[in-house]
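Structural overview for review
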Amino acid sequence: MSTSHALSTRNARALRLALFTDTYTPQVNGVARTLERLVHAVEARGGVARVFTPDEPQAIPTFEVERFASVPFWAYPQLRLSWPARQRLRRTVRHFAPTLVHAATEFGMGLAGRSWAQRARVPLVSSYHTSFAAYASHYHMSWLAEPGWRYLRWFHSAALRTYCPTEAIVREVHAAGFRKTAVWSRGVDTSRFSPHYRSASLRQRILAGDGSPDGACTEDALVVSYVGRIAAEKGLAVALEALRLASTDRPGRIRFMGVGDGPYRDELHRRAPAGSWMPGALHGNALSEAFASADVFLFPSTTDTFGNVMLEAMASGLPVIGVEAGPTRELLASDRGWLVPPNEVQTLRQQLVALVDDRAAVAAARERALTFAATKTWDAVWDQLIGEYVELQGGSHTVTALLPNRRPTVLQGADVISR
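In short, a report on the structure.

Rules and cut-offs
- Per chain, the residues get numbers from 1 upward, laid out in the order the sequence is written.
- Totals for whole chains, interfaces and linings use all residues, but because this is a predicted model, local features are given only for residues with pLDDT of at least 70 and pairs of side-chain atoms are given and counted only at 80 or more.
- Values reported for side chains reflect all heavy atoms of the structure, with hydrogen atoms and water molecules removed beforehand.
- A run of H or I in DSSP becomes a helix once it reaches four residues, and a run of E becomes a strand once it reaches two; helices and strands are each numbered from the N terminus.
- Expected span, for any helix, means 1.5 Å times one less than how many residues it has.
- The classification of residues rests on relative accessible area computed with a 1.4 Å probe and restricted to protein chains. Under 20% of the type maximum is buried, over 50% is exposed, and intermediate values are partly exposed.
- Pairing between strands is defined by DSSP: at least two bridges between the two strands are required.
- An axis is simply a line fitted to the C-alpha atoms; with a helix, the fit covers only the stretch in contact. Between two such axes, the angle follows the N-to-C directions and lies from 0 to 180 degrees.
- The contact criterion used throughout is that any non-hydrogen atoms of two residues lie within 4.5 Å.
- Angles are sorted into four bins: roughly parallel if under 35 degrees, roughly antiparallel if over 145, roughly perpendicular if 65 to 115, and oblique for all others.
- Ten residues, namely Ala, Val, Leu, Ile, Met, Phe, Trp, Tyr, Cys and Pro, are considered nonpolar, four, namely Asp, Glu, Lys and Arg, are considered charged, and the remaining ones, Gly among them, are considered polar.
- Here a salt bridge means any side-chain nitrogen of Lys or Arg lying within 4 Å of a carboxyl oxygen belonging to Asp or Glu.

Description of helix α16 (residues 378-393)
Its 16 residues give α16 an end-to-end C-alpha distance of 22 Å, which sits within 8% of 22 Å, the value for a rise of 1.5 Å per residue. Residues of α16 that are buried: W378, V381, W382, D383, L385, I386, E388, Y389, V390, L392 and Q393.

Here it is as structure tokens:
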């Protein structure tokens with residue numbers, strides 16, 4: 001155990017974290033998985049965490065999770081919304097006696113946590129996981145921009161700190177009027193995601209595809225994977241068209257693998273190139289093997305604030321083709337993959353063809369991706385975040401932060417003092 005980890009373990013023993021979120025396991029998405037890891041990290045460091053979240057039909061009751069009656073969100077039934085009964089919520093949270101409240105989402109449960117913390121005068125932090133501007137633009141609802149940002153500014157203004165996953169997102173929310181922000185990055189478990197999981201038998205199965213004559217592939221085909229939620233805002237329509245065209249340019253030399261589930265799954269099956277391997281959602285070793293048995297990872301989203309799957313892909317030995325967007329650019333830098341403009345079918349098509357023809361470039365980027373992923377440990381992420389939790393719950397609320405393109409500032413309660 002590192003010295004910093006040992007120090008945070010000792011200091012976290014007084015931490016009682018109440019985490020309010022509208023998404024949590026068994027839901028399958030990056031935010032839910034990260035928050036589950038957060039709970040385990042707090043407990044591993046001697047603290048106690050309790051999650052307050054909507055009920056979920058597939059959920060297994062556990063001591064650390066309090067679930068409240070919920071209904072499916074009409075626009076996305078896989079997500080559920082809850083407006084918890086005040087009396088039960090107040091009684092349950094008061095009995096838990098948190099020293100810090102974290103409102104991880106801005107609606108339903110997050111609002112309930114914000115309200116309780118203000119009433120009880122318990123320190124409150126928040127986090128920003130969903131790029132509001134990108135979603136509004138993707139769904140052609142730009143008219144929502146001003147009232148939406150006004151609401152989000154109000155919600156997060158109550159927090160002593162609003163955590164964002166990348167510097168790019170910090171800059172985005174600062175432009176919208178947020179203050180008191182900090183980067184809460186993400187890590188990757190290199191014991192779960194590693195080239196060691198590469199499976200020759202699975203790769204043969206992927207290359208075999210559906211067995212159709214027009215989907216036949218050569219043994220040296222480039223396997224291009226996508227793993228994640230299957231939703232329209234992930235940029236999959238453009239990616240699938242580029243893959244289809246690249247497959248006609250290099251017949252039998254490209255195989256697509258799409259892993260995941262979501263509302264766009266039928267379209268994924270309809271638009272994917274012939275012979276594509278699409279097993280649905282995978283978990284455990286099956287997921288690890290799927291990651292490691294591809295050659296290149298495709299991340300076409302412009303709406304993600306981080307993209308945990310990119311780190312998992314890099315740790316598995318896959319360089320990434322991403323779309324030009326702040327968070328993706330920050331992760332890929334200039335040498336861990338390739339960036340293409342958003343909504344550019346032809347440019348993505350050309351990039352795919354270039355990689356089919358130049359395996360040396362793929363191999364070089366693979367090594368750089370592996371080296372980078374090895375530096376992104378979860379322990380370092382949790383030591384920093386939980387250390388700040390401990391400081392914030394102590395009442396001084398004085399924390400040094402580094403804001404983009406500025407000198408360091410000292411955050412004191414609701415004030416920002418520029419040096």
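Re the sheet that holds strand β6 (residues 100-103)
As summarised here, the arrangement of the seven strands in space is β3-β2-β1-β6-β7-β8-β9, forming an open sheet in which the pairing is parallel. Whereas interior strands pair on both sides, the edge strands pair on one side only; in this sheet they are β3 (65-68) and β9 (181-183). Each adjacent strand pair in this sheet contributes to an overall mean axis angle of 25°, direction not counted. Of the strand pairs in this sheet, β6 and strand β7 (residues 124-127) are connected by three bridges, and their pairing is parallel. The residue of β7 that forms the bridge with H102 is V125. Of the strands in this sheet, β8 (162-164) and β9 are in contact with helix α7 (residues 167-175), which crosses β9 at around 165°.

Some points on unusual backbone geometry
Going from T25 to P26, the amide bond is cis rather than trans, its omega being 20°. Looking at the element boundaries, P26 is found in the loop between β1 (16-20) and α2 (30-44). Here the phi dihedral of A97 falls at roughly 60°; this positive angle occurs in a residue that is not glycine. For A97, the location among the structural elements is in the loop between α3 (86-96) and β6. A positive phi angle, near 55°, is found at K180, a position not held by glycine. On the secondary structure map, K180 appears in the loop between α7 and β9.

Structural notes on the packing of α2 against α16
Where α2 contacts α16, the two axes come as close as 10 Å, and the packing angle between them is 70°. When the axis of α2 is compared with that of α16, the two are roughly perpendicular. Contact with α2, carried on its side by T34, R37, L38, A41 and V42, involves W378, W382, L385, I386 and Y389 of α16 and no other residues of that element. Class assignment for the residues of the contact of α2 with α16 results in eight nonpolar, one polar and one charged.

Focus: the pattern of salt bridges
In this structure the tally under the stated criterion is 19 salt bridges. Notably, a salt bridge pairs D295 with R198, separated by 3.2 Å at the nearest N-O pair. You can see D295 sitting in the loop between α11 (284-292) and β13 (296-299) and its partner R198 sitting in the loop between β9 and α8 (200-208), a full 97 residues away along the chain. Given the relative accessible area of 12%, D295 is considered buried. In this structure, R244 and E241 form a salt bridge, with 2.7 Å as the shortest nitrogen-oxygen distance. Here the residue R244 and the residue E241 both occupy positions in helix α9 (residues 236-249), the gap between them amounting to three residues, near one helical turn. Note on R244: relative accessible area 36%, which makes it partly exposed. On the accessibility criterion, E241 (32% relative accessible area) is partly exposed.

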